[in-house]
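# Understanding the architecture of this molecule
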Amino acid sequence: MILHHRLLPRLLIVPSTHTSTSTLLRPSRLPRHLSLSPRFSALSHLAAPQTVDHSDDEGQHLDHLDNEGRHQGEVQVKLSLDRLFVPPGATVDSGDQDAVSARVLKGSNIVLGPYARGDAQVVNADFVKSSVRPDDCPRDGLPEFALVGRSNVGKSSLLNSLVRRKRLALTSKKPGKTQCINHFKVNDSWYLVDLPGYGYASAPQEARTNWDEFTRNYFLSRENLVSVFLLIDASIPAKKIDLDYASWLGQNRVPMTLVFTKCDKRKKKKNGGRRPEENVETFQGLIREYFEAAPPWIMTSSVTNQGRDEILLHMSQLRNYWLKH
Ligand code: GDP
């Protein structure tokens, strides 16, 4: 089923077939049945779209998003219902495609549900601490979102863009803190967590191994982790290491949102002949095989601030649902 979107500008037009990239190795197929810890069992529905419930429509529209700084748009989007992320607590009515389309956040597959609140915008943000072990992380139980991605993917830039501060993320780039879990408290009520970048070609093998274990322990043990935001550079073709990472998070039922960065970089020649939209579509095509349902994804740019308000709304609805359940 194809949804035509009237409100959203510059959205991805998703072709019905996906391109395969012969240079990429594929992550291993996800096992069908996984034994889930209670936390991941409870939260696993945040990682992937809900089964679309056709019985009810929340009737919620994006009108209030204008107050959040959204740009009303000109371009159509075509996304089939089964490729949308319907957040927990929301339902969509497949019989009313316009209403469903009007609730999809710009440049994403994320449906806005009833848990998105006026608390989305960042009023204040402060660096709290750097931790070298998951056990050292703050223990106040506030909900948190972890940003992770290959080095140079644009993680610091995105963090600064989200909190509207030019240099906040510099804290985590200081020597000695790049391999730490860095907590930033937002609005005194939730955390953005900057995790070490992966894929340093020059890092010694031992350091890379430590990083893996340390970060993976964090993913598996952190009770108040609402969702991982896995950053993928949309200006270059998909990398095996990113696919492996997405696959690993999926296999371990760690709730995940894909954040495509650098979507403003449109020079085809420089980017290996492909536009960000094409790279985004290819990446999704490659991971589709390994997930029962597509995870939420969103296109961003720290240069134009594309996707900033939408990510914050997505975080708001995940956070408020998490707090209530
Ligand atoms: P990190 O290593 O993942 O923290 O990446 P940085 O935020 O330091 O960014 C790495 C490089 O990519 C820098 O040169 C940034 O200026 C550039 N960059 C980051 N985000 C964007 C973006 O959205 N668009 C463009 N065009 N460049 C970006």
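In what follows, the structure referred to is the one given above.
What this report covers is the structure whose coordinates are included nearby. Predicted model only: the values in this text are computed from it and were never measured.

## Notes on the packing of helix α6 (residues 240-251) against helix α7 (residues 276-288)
At a minimum axis distance of 10 Å, the contact between α6 and α7 shows a crossing angle of 45 degrees. When the axis of α6 is compared with that of α7, the two are oblique. The way α6 lies across α7 gives a crossing that is right-handed. Across the interface between the two elements, Asp242, Leu243 and Ala246 from α6 touch Phe283, Leu286 and Ile287 from α7. In terms of residue class, the contact of α6 with α7 is built from five nonpolar, no polar and one charged.

## Quick look at the site of the ligand
Near the ligand, the surroundings consist of 13 residues, among which Ser156, Ser157, Lys173, Asp264 and Ser302 are the closest. Backbone polar atom of Asn152 to an oxygen atom of the ligand: 2.9 Å apart, as the coordinates give it. Taking Lys155, its main chain carries an N or O atom lying 2.9 Å from an oxygen atom of the ligand. When the ligand is considered free in solution it has 580 Å² of accessible area, and contact with the protein chains removes 71% of it. Of all the elements, helix α3 (residues 155-163) adds the most residues to the shell around the ligand, at three residues. Among the residues forming the shell around the ligand, the class breakdown is two nonpolar, six polar and five charged.

## Considering the packing of α3 against helix α8 (residues 308-324)
Two numbers describe how α3 lies on α8: the axes approach to 9 Å, and their chain directions differ by 80 degrees. With respect to α8, the axis of α3 lies roughly perpendicular. Along the contact surface, α3 presents Leu158, Ser161 and Leu162, while α8 presents Arg308, Ile311, Leu312 and Met315. Tallied by class, residues from the contact of α3 with α8 come to five nonpolar, one polar and one charged.

## What to know about the pattern of salt bridges
This structure, assessed with the given rule, holds 14 salt bridges. With a closest N to O distance of 3.7 Å, Lys106 and Glu310 form a salt bridge. With a gap of 204 residues between them, Lys106 in the loop between α2 (97-101) and β1 (125-131) and Glu310 in helix α8 connect regions that are remote in the sequence. In this structure, the salt-bridge partner of Lys262 is Asp233, at a minimum N-O distance of 3.7 Å. A residue pair is termed long-range when its members are at least 10 positions apart, and Lys262 in the loop between β6 (256-261) and α7 and Asp233 in strand β5 (residues 225-233) qualify at 29 residues.

The rules behind these values
Counting from 1, residues in each chain are numbered in the order their sequence is written. The predicted origin of the model limits local features to residues at a pLDDT of at least 70 and limits the giving and counting of side-chain atom pairs to 80 or more, whereas totals for whole chains, interfaces and linings rest on all residues. No hydrogens and no water enter the side-chain calculation; it runs on all heavy atoms of the structure. To define axes, lines are fitted to C-alpha atoms, for helices over the stretch in contact only, and angles between the resulting N-to-C directions are given on a 0 to 180 degree scale. Helix and strand definitions here come from DSSP, where helices need a minimum of 4 consecutive H or I residues and strands a minimum of 2 consecutive E residues; each element is numbered from the N-terminal end. Each angle gets one of four labels, with under 35 degrees taken as roughly parallel, over 145 as roughly antiparallel, 65 to 115 as roughly perpendicular, and the rest as oblique. Left-handed describes a crossing whose near helix is turned anticlockwise from the far helix by less than a right angle; the clockwise case is right-handed. Note on contacts: a residue pair qualifies if any of its non-hydrogen atoms lie within 4.5 Å across the two residues. The classification used treats Ala, Val, Leu, Ile, Met, Phe, Trp, Tyr, Cys and Pro as nonpolar, Asp, Glu, Lys and Arg as charged, and all other residues, Gly among them, as polar. Nearness is judged by heavy atoms alone; a residue qualifies as near a molecule or strand once a single heavy atom is within 4 Å of it. Throughout this description, a polar contact denotes any pair of N or O atoms lying within 3.5 Å of each other; where both atoms belong to protein, one of them has to be capable of donating a hydrogen while the other can accept it, and for residues adjacent in sequence the pair is counted only when both atoms sit in side chains. Using a 1.4 Å probe, accessible areas were evaluated by the Shrake-Rupley method; residue-level cover was limited to the displayed protein chains. Just to be clear on terms, a salt bridge is a Lys or Arg side-chain nitrogen sitting within 4 Å of an Asp or Glu carboxyl oxygen.

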